[in-house]
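# Fold and geometry: a report
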Amino acid sequence: MELARLEEMADAFLSGIQVTEEGRALYAAALRDFLDLLEARPDLLRDPGVLLQARQALRERGLRPSTVTFKMTVIRRFLDYLDLREALPPAWARARAYERAMRGRAREETAAPPLGPDPDLLGRLLQVLRRRIDGPPRNRARAMRDYALALLLARTGLRVSEALSLRTEDVFAEDGRVRREARIRAKGRQEQWFPLPEDVRRALAAWREALQELHPRLARRASFVFVSLGRNRLGRLSRQQAWNILTSAAREAGFRASPHDLRRMLARRLLRQGVDLAKVQAVLRHRSPATTLRYARAQPHEIRRALEEAQGEQKD
């Protein structure tokens, strides 16, 4: 297939995807990078390792890992689109299998480190947020909110979307006390109840108290647990705001992390402590134990061992 034909297919792909205009622009930029690479290296049109080469080219540009991951996701979806349209270059028919095999082999050859990151990372993050609590009332309330959100994510394994969707009545009883169990709207809009650890309950109560001191009238009408602190309204805290809060705190603590990484940290911590895989899976509400292990970024030999042990227990 000629590059011109691929460019036509890329335009058709971009016009058909269901994303926002901002998202479409990001998709277009990722595909432009891919097409530029193919223009510079036409030999890749006949190379089943095209995805590995694309990833390497993006990394060599010094892009952030999250940016590389996003662009590679777009490129893979474009290959899927070509396959559905029966327009995939023959050499790319096994490109994704080739990528999985070669990347898997590379990981297998490396020495497996202990499961999970430095266990003190979470402590450092929370310490940064606690230090922010000492200050003027508005800054203090904001710091109490940020600390409560981080602790909730880290101790319960909630997705950030689930935490930000918590309504006041889901967490607080009519008398204002924090419930022992809170209600979440999980994936698929299913309602579930989950226990709140004692330290999380104390942090949520402190945040609520600080909010009521800052905005007595507005606090009584706040619909959501985590709100942005405007002067005349309390809107729900957005995903972008939560991202900025926690990533900036992580940078101040000396490492990089996103809100979702707090969920991963919990998985690693529980597995490192020897908690049964099925229990960790239940905490994270994963359908498959393999997903839980991948989520915790376990090494291949750890995944195999855990799955073999699970299969052996089923046979017994």
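Small disclaimer: the values here were computed from a predicted structure and weren't measured.

## Digging into the packing of helix α6 (residues 121-131) against helix α13 (residues 259-272)
The geometry of α6 relative to α13 is characterised by a closest axis approach of 11 Å and an angle of 140 degrees between their N-to-C directions. Compared by their axis directions, α6 and α13 come out oblique. Between α6 and α13, the contacting residues are L121, L122 and L125 on the first element and L262, M265 and R269 on the second. Taken together, the residues that form the contact of α6 with α13 break down as five nonpolar, no polar and one charged.

## Regarding the pattern of salt bridges
A complete count under the given rule lists 19 salt bridges for this structure. Between R131 and E252 there is a salt bridge; the shortest N-O distance is 3.6 Å. Here R131, found in helix α6, pairs with E252, found in helix α12 (residues 239-253); they are 121 residues apart in sequence, far enough to count as distant. A single salt-bridge network, built from bridges that share partners, covers E7, R32 and D36.

## Notes on the packing of aromatic side chains
A full pass over the atoms with the stated rule returns five aromatic pairs. Ring geometry for F13 versus Y27: centroids 6.4 Å apart, planes at 35 degrees, classification tilted. You can see F13 sitting in helix α1 (residues 3-16) and its partner Y27 sitting in helix α2 (residues 21-40), a full 14 residues away along the chain. Take F13: its relative accessible area is 7%, and that puts it in the buried class. Exposure remark for Y27: the relative accessible area of 9% places this residue in the buried category. Centre to centre, the rings of Y27 and F70 are 5.8 Å apart; their planes meet at 80 degrees, and the pair counts as edge-to-face.

## Let's talk about the nonpolar core
Residues L152, V171, L196, L204, W207, F226 and L262 are the most contacted members of the largest nonpolar core, which totals 56 residues. Elements supplying a minimum of two residues to this core: α6, α7 (137-156), α8 (160-164), β1 (181-185), α10 (198-214), α11 (216-221), α12 and α13. It is α7 that contributes the most residues to this core, 11 residues altogether. Apart from residues lying up to four places away in sequence, V171 is in contact with L166, R177, V178, R179, A182, L196, L204 and V225.

## Notes on α12
Helix length check: α12, at 15 residues, gives a terminal C-alpha distance of 21 Å against a target of 21 Å (1.5 Å per residue), a fit within 8%. Looking one or two residues beyond α12, the residue adopting positive phi is G254, at roughly 100 degrees.

## Observations regarding unusual backbone geometry
The backbone of E86 sits at a positive phi, close to 55 degrees, despite the residue not being glycine. Its place among the elements puts E86 in the loop between α4 (65-84) and α5 (95-109). On the basis of relative accessibility, which here comes to 75%, the residue E86 falls in the exposed class.

## Details of the side chain of T156
Within the secondary structure layout, T156 lies in helix α7. Within polar-contact distance, the side chain of T156 engages the backbone nitrogen of L158 at 3.3 Å. Apart from the residues within four sequence positions on either side, T156 is in contact with F194, P195, P197, L266 and V283.

## Here we look at the environment of M144
For M144, the location among the structural elements is in helix α7. Exposure remark for M144: the relative accessible area of 9% places this residue in the buried category. Distance in space between the C-alpha atoms of M144 and I133 is 6.2 Å, their sequence separation being 11 residues.

## So, the packing of α7 against α10
One can describe the packing of α7 onto α10 by two numbers: an axis separation of 9 Å at closest approach and a directional angle of 155 degrees. Taken as axis vectors, α7 and α10 run roughly antiparallel relative to one another. Once α7 is placed against α10, the crossing between them reads as left-handed. Across the interface between the two elements, P137, R138, R140, A141, M144, R145, Y147, A148, L151, L152 and R155 of α7 pack against D199, V200, A203, L204, A206, W207, A210, E213 and L214 of α10. Within the contact of α7 with α10, the residues separate by chemical class into 14 nonpolar, no polar and six charged.

## Describing α10
The end-to-end C-alpha separation of α10 is 25 Å, in line with the 24 Å expected for 17 residues at 1.5 Å each. Listed in full, the buried residues belonging to α10 are V200, R201, A203, L204, W207, R208, A210 and L211. Elements in contact with the buried residues of α10: α7, α9 (168-171) and α11.

Calculation rules
Residues numbered from 1 in each chain as written. Predicted model: local features only at pLDDT ≥ 70, side-chain atom pairs only at ≥ 80, totals over all residues. Heavy atoms only, no water. Axes fitted to C-alpha atoms, helices over the stretch in contact; angles between N-to-C directions. Helix = DSSP H or I, 4+ residues; strand = E, 2+ residues; numbered from the N terminus. Parallel < 35°, antiparallel > 145°, perpendicular 65-115°, else oblique. Contact = heavy atoms within 4.5 Å. Nonpolar A, V, L, I, M, F, W, Y, C, P; charged D, E, K, R; others polar. Salt bridge = Lys/Arg side-chain N within 4 Å of Asp/Glu carboxyl O. Phe/Tyr/Trp six-rings, centres within 6.5 Å; stacked < 30°, edge-to-face > 60°. Buried < 20%, exposed > 50% of the residue type's maximum accessible area, 1.4 Å probe, protein only. Core = buried A, V, L, I, M, F, W, Y, C linked by side-chain atoms within 4.5 Å. Expected span 1.5 Å × (residues − 1). Polar contact = N/O pair within 3.5 Å; in protein donor to acceptor, adjacent residues only side chain to side chain. Left-handed = near helix turned anticlockwise from the far one by under 90°.

Interpretation note: all reported values are geometric properties and have no functional meaning in isolation.
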